[in-house]
Amino acid sequence: MAASGASLDGKTIVVTGSASGIGAETTALLRRRGATVLGVDRQPSDNADQFFQADLSDPASIDGLVAALPAGIDGLANIAGLPPTAPPDSVIKVNLLGLQRLTEGVVATMADGASIVNLASLAGFGWANSLAQIKAASNLSFDNVDEFVAQQGIAEQAGRSYFFSKEALIVWTLKNRWTWRDRGIRMNCVSPGPVETPILKDFIETLGERAEEDMKIMDRPGRPSDVAPVVAFLLSDDAEWFRGANLTVDGGMSSHILQNVHEL
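Residues numbered from 1 in each chain as written. Predicted model: local features only at pLDDT ≥ 70, side-chain atom pairs only at ≥ 80, totals over all residues. Heavy atoms only, no water.

1. A look at unusual backbone geometry
As a reminder, the rule being used: Elements are defined by DSSP. Helices are runs of H or I of four residues or more, strands are runs of E of two residues or more, and each kind is numbered from the N terminus.
Although it is not a glycine, Glu 263 sits at a positive phi angle of roughly 55°. As for its position among the elements, Glu 263 is in the segment after helix H10 (253-261).

Quick look at the structure:
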């Protein structure tokens, strides 16, 4: 019997980062709602209906995954990601370039009417202030990411690789809102605030006082169970008319930031 919420009966959905955190919670929820889940992670896991081991920082591994996945997939939840404490080039490869390569690789064989959901972040909230850097990344690839990091001084700013990867992901989602509209395939993203996952401590370590102040303002950190239902909704037919949207699941933090910015 499917769990309460939008039904996903009969749908086959790929979830990256399925072994832990938000990915694991999403995998469990999708299965409860009737979906067949194909889990993807670097670490082996048995929580999905079928598991594929892959490294999203490695183009060859991604291409192998694309070749192994079945045609007719109804949904892709791009949840895998690295924290800001990881090497800057690795963060950008996994959080942005690997996600893009996987999505572009599977979209040709996805079912008509399929849904793509990208896990962005509150860290990408300021994307409009980073347009010069985002536009400079228009030709970014696995081959030149080291050069880009050096040219942009990304490694010199604590956590900047993570913030940039999420800013660029939100923009990429927005730009591709109608790319596959002729087949009814839609793309949206979800931006959580601080969430209690294994990488929360990495954020606090990287951002220091800034993160501590944010945590004081919030009533509590988010939980994977706060985020998974929003991902599930966007994967369902109930979200058919969402195109290029960025749903903020942050306990009101983005509204707090907007209020301060506009002095409301």
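2. Structural notes on the packing of helix H1 (residues 21-32) against helix H9 (residues 224-235)
Threshold: Axis definition: a line fitted to C-alpha atoms, limited for helices to the stretch in contact. Angles are taken between N-to-C directions and run from 0 to 180 degrees. Put simply, angles under 35 degrees are roughly parallel, angles over 145 are roughly antiparallel, angles from 65 to 115 are roughly perpendicular, and the rest are oblique. The hand of a helix crossing depends on one turn: near helix anticlockwise from the far one by less than a right angle means left-handed, and clockwise means right-handed. Residues are treated as being in contact if the distance between any of their heavy atoms lies within 4.5 Å. Residues are grouped as follows: Ala, Val, Leu, Ile, Met, Phe, Trp, Tyr, Cys and Pro are nonpolar; Asp, Glu, Lys and Arg are charged; all remaining types, including Gly, are polar.
Relative to each other, H1 and H9 sit at 55°, their axes nearing to 8 Å. Taken together, the axes of H1 and H9 are oblique relative to one another. Remark: the crossing between H1 and H9 carries right-handed chirality. Touching Gly 21, Ile 22, Glu 25, Thr 26, Leu 29 and Leu 30 of H1 are Pro 224, Ser 225, Val 227, Ala 228, Pro 229, Val 231, Ala 232 and Leu 235, all from H9. Its residues placed into classes, the contact of H1 with H9 shows ten nonpolar, three polar and one charged.

3. Here we look at the nonpolar core
Heads up, the rule is: We call a set of buried residues a nonpolar core when its members are Ala, Val, Leu, Ile, Met, Phe, Trp, Tyr or Cys and they connect through side-chain atoms within 4.5 Å of each other. Burial classes follow relative accessibility: with a 1.4 Å probe on protein chains only, a residue under 20% of its type's maximum area counts as buried, one over 50% as exposed, and anything between as partly exposed.
Core analysis: the largest hydrophobic core is formed by 47 residues, its most contacted members being Leu 69, Ile 92, Leu 102, Met 110, Ile 116, Leu 140 and Phe 164. Residue assignment for this core shows that the elements contributing at least two residues are strand S2 (36-41), helix H2 (59-68), helix H3 (88-106), helix H5 (145-151), helix H6 (160-175) and strand S6 (186-192). Among residues more than four places away in sequence, those in contact with Phe 164 are Ile 92, Leu 96, Gln 133, Ile 134, Ala 137, Leu 140, Phe 148 and Ile 154. If you look at the next biggest cluster of nonpolar residues, it comprises 24 residues, including Ile 13, Ile 79, Ala 232 and Leu 235.

4. Side note on the environment of Ile 92
Of note, Ile 92 is situated in helix H3. Judged by its relative accessible area of 0%, Ile 92 is buried. When the C-alpha positions of Ile 92 and Leu 82 are compared, they lie 8.6 Å apart, and in sequence the two are ten residues distant. Once residues within four sequence positions are removed from consideration, Ile 92 is found in contact with Leu 97, Leu 140, Val 145, Val 149, Ile 154, Ser 161 and Phe 164.

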